[in-house]
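Residue-level listing of the chains:
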Amino acid sequence: MRKKITFGTALSFIFIAITVTFCLTMILSARLFEKKVSNVNEKETMYSKLAEVDQVVRQHYYTTIDDRTVLDGLSSGYVNALGDSEARYYRASEVTALQNLSKGKLIGIGLEVQKDVSGYFKIVKVDDGSPANIAEIVKGDMITHINDTPVVSFNTEKISEMLKGSEGVGIKINYLRDGEEKSAQLTFSIYDLPTISYTIEGTVGYIKISTFADKTAGEVDYAVKNLISQGATSFVIDLRFNQSKEFQYASEVADIFAKEGTTMFAQYIDDSKKVLYTSDKESVSQPVSIIVNDTTGYAAEMFAVILKDISGAKLVGTKTMGKCTIQTLYRLSDGSGVEITTARLVPVSTPDYHGVGLLPDYEKTLSLDQELNFYDLTIETDPQIRRAIEVAQNMASFQ
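This report concerns the structure included in the present document. (Residues numbered from 1 in each chain as written. Predicted model: local features only at pLDDT ≥ 70, side-chain atom pairs only at ≥ 80, totals over all residues. Heavy atoms only, no water.)

The next point concerns the sheet that holds strand 16 (residues 314-317). Read from one edge to the other, the open sheet built from six strands follows the order 10-11-12-15-16-19, with strand pairing classed as mixed. Bordering the open sheet on either side are strand 10 (196-201) and strand 19 (362-363), each of which pairs with just one other strand. Set on the sheet, helix 6 (residues 216-229) makes contact with strand 10, strand 11 (204-209) and strand 12 (234-238); between it and strand 10 the angle comes to about 10°. Its contacts with the sheet put helix 8 (residues 299-311) on strand 12, strand 15 (288-292) and strand 16, and the angle it makes with strand 15 is roughly 150°. (Pairing = 2+ DSSP bridges. Helix = DSSP H or I, 4+ residues; strand = E, 2+ residues; numbered from the N terminus. Contact = heavy atoms within 4.5 Å. Axes fitted to C-alpha atoms, helices over the stretch in contact; angles between N-to-C directions.)

The next subject is the pairing of strand 3 (residues 111-115). One ladder, built from five bridges, connects strand 3 with strand 4 (residues 121-126); its direction is antiparallel. Bridge pairing links Lys115 to Phe121 in strand 4. Linking strand 3 back to strand 4 in an antiparallel pair, the connection comprises five residues, with Gly119 at a positive phi of about 100°.

Before going further, it helps to spend a moment on the nonpolar core. Counting 46 residues, the largest nonpolar core has Phe212, Phe257, Ile290, Phe303 and Leu307 as the members making the most contacts within it. Looking at this core element by element, the count peaks at nine residues for helix 8. Beyond its immediate chain neighbours, meaning those up to four positions away, Leu307 contacts Ile237, Ala254, Phe257, Val288, Ile290, Gly312 and Ala313. Within the second largest apolar cluster, 19 residues are counted, among which are Leu111, Ile123, Phe154 and Ile173. (Core = buried A, V, L, I, M, F, W, Y, C linked by side-chain atoms within 4.5 Å. Buried < 20%, exposed > 50% of the residue type's maximum accessible area, 1.4 Å probe, protein only.)

For the rest of this paragraph, the subject is unusual backbone geometry. For residues besides glycine, phi is generally negative; the peptide bonds are generally trans as well. For Asn147, which is not glycine, the phi torsion reads 50° and is therefore positive. For Asn147, the position within the fold is in the loop between strand 5 (142-146) and strand 6 (149-150). Classification of Asn147 as partly exposed rests on a relative accessible area of 41%. In the Ramachandran plot, Asp148 falls in the positive-phi region, its phi being about 70° despite a non-glycine side chain. Residue placement: Asp148 occurs in the loop between strand 5 and strand 6. Judged by its relative accessible area of 51%, Asp148 falls in the exposed class.

Here we take up helix 8. Along its 13 residues, helix 8 runs 17 Å from first to last C-alpha, staying within 8% of the 18 Å computed at 1.5 Å per residue. Judged by how many residues are buried, helix 8 sits mostly within the fold: 11 of 13 residues are covered. All of the buried residues along helix 8 are Ala299, Ala300, Glu301, Met302, Phe303, Ala304, Val305, Ile306, Leu307, Asp309 and Ile310. Phi turns positive one or two residues past the end of helix 8, at Gly312, with a value near 75°. (Expected span 1.5 Å × (residues − 1).)

On to the packing of aromatic side chains. Following the criterion strictly, the structure yields seven aromatic pairs and no others. Aromatic side chains Tyr61 and Tyr62 sit 5.6 Å apart centroid to centroid with 65° between the ring planes, which places their arrangement in the edge-to-face category. Residue Tyr61 is classed as partly exposed on the basis of its relative accessible area, which comes to 44%. A relative accessible area of 74% places Tyr62 in the exposed class. Judged by centre distance (5.0 Å) and plane angle (55°), the rings of Phe241 and Phe374 are tilted. (Phe/Tyr/Trp six-rings, centres within 6.5 Å; stacked < 30°, edge-to-face > 60°.)

Next comes the structure, spelled out in structure tokens:
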């Protein structure tokens, strides 16, 4: 038999509930207020310190101060002080370049170079449709001068910097071809960057993904269908030198090959774990082997993990970079940007590989000579490609 609660008792319960709620609210409000006050005090201290430094410099510095450069330096220093090795501050022009890259476009002249024993720089790659390609500069040409400055004293970092520039800026390249000196006046321009290349070797479709951009999924989808129509019964995907941070676009490409289901989780600052990416029902049925090495990182590593976990892809080559975090770029009001780590990737079944790297299922290294002359290797002479083709063929034979 149920006991009845008197009206007075009910009022007492209500009063107690209200009192508890009020107390909890006051405690939480007090803590929030203390935190805000602490933040205000910390910010005041930080701003006062910067103002003091600025005052001293402006009173005593012996030459002109470039305020824009100082502001960029302050912003960069703040981001660097976070202790996040992946965090970056970008000037407005650099943000624009990154946004163009995410669309598969690049501002440049389209050259990749490598230091030669002669002291010159050998051109190892020329992008199709780039200013250098249009000027008929070809792979194998030797750069001797840039803007009439000899390159023999340049290191790789120096010439890489020289080969970068803002849209519309001109650059003069002197180069040797078969002993004959030539020159070309080029202009840094926006051009479409090919994100993939592909071919077929017997019954194996080979796809090289250089970077991930918004158009890559469409390009890969077209390549896959084309290769299947040519008789491809398996695929090799080459991810060497791919360090794209376009995780969303990499997941879209993975969706072409991955079976239906969750493909990746993410863990955030509050320790919450959420589904990050999924794959639909449509997927390629042919088996896949993936070539990786110590230059495979970020979105490319995630792509490899997804296909390994979801579709049983096999990794061939050497250990990867071990970049298992996601960076997000936030554009600021003046056009500059801050890129910070916002989450950690959590694979479906592969253990955490951050700082460790992914170990290949089939290890295959290159000799020192092959590494030094990597861009001269072909699909017929590259040992890692040959091994990946063997693995893909064996996988197909067991289907």
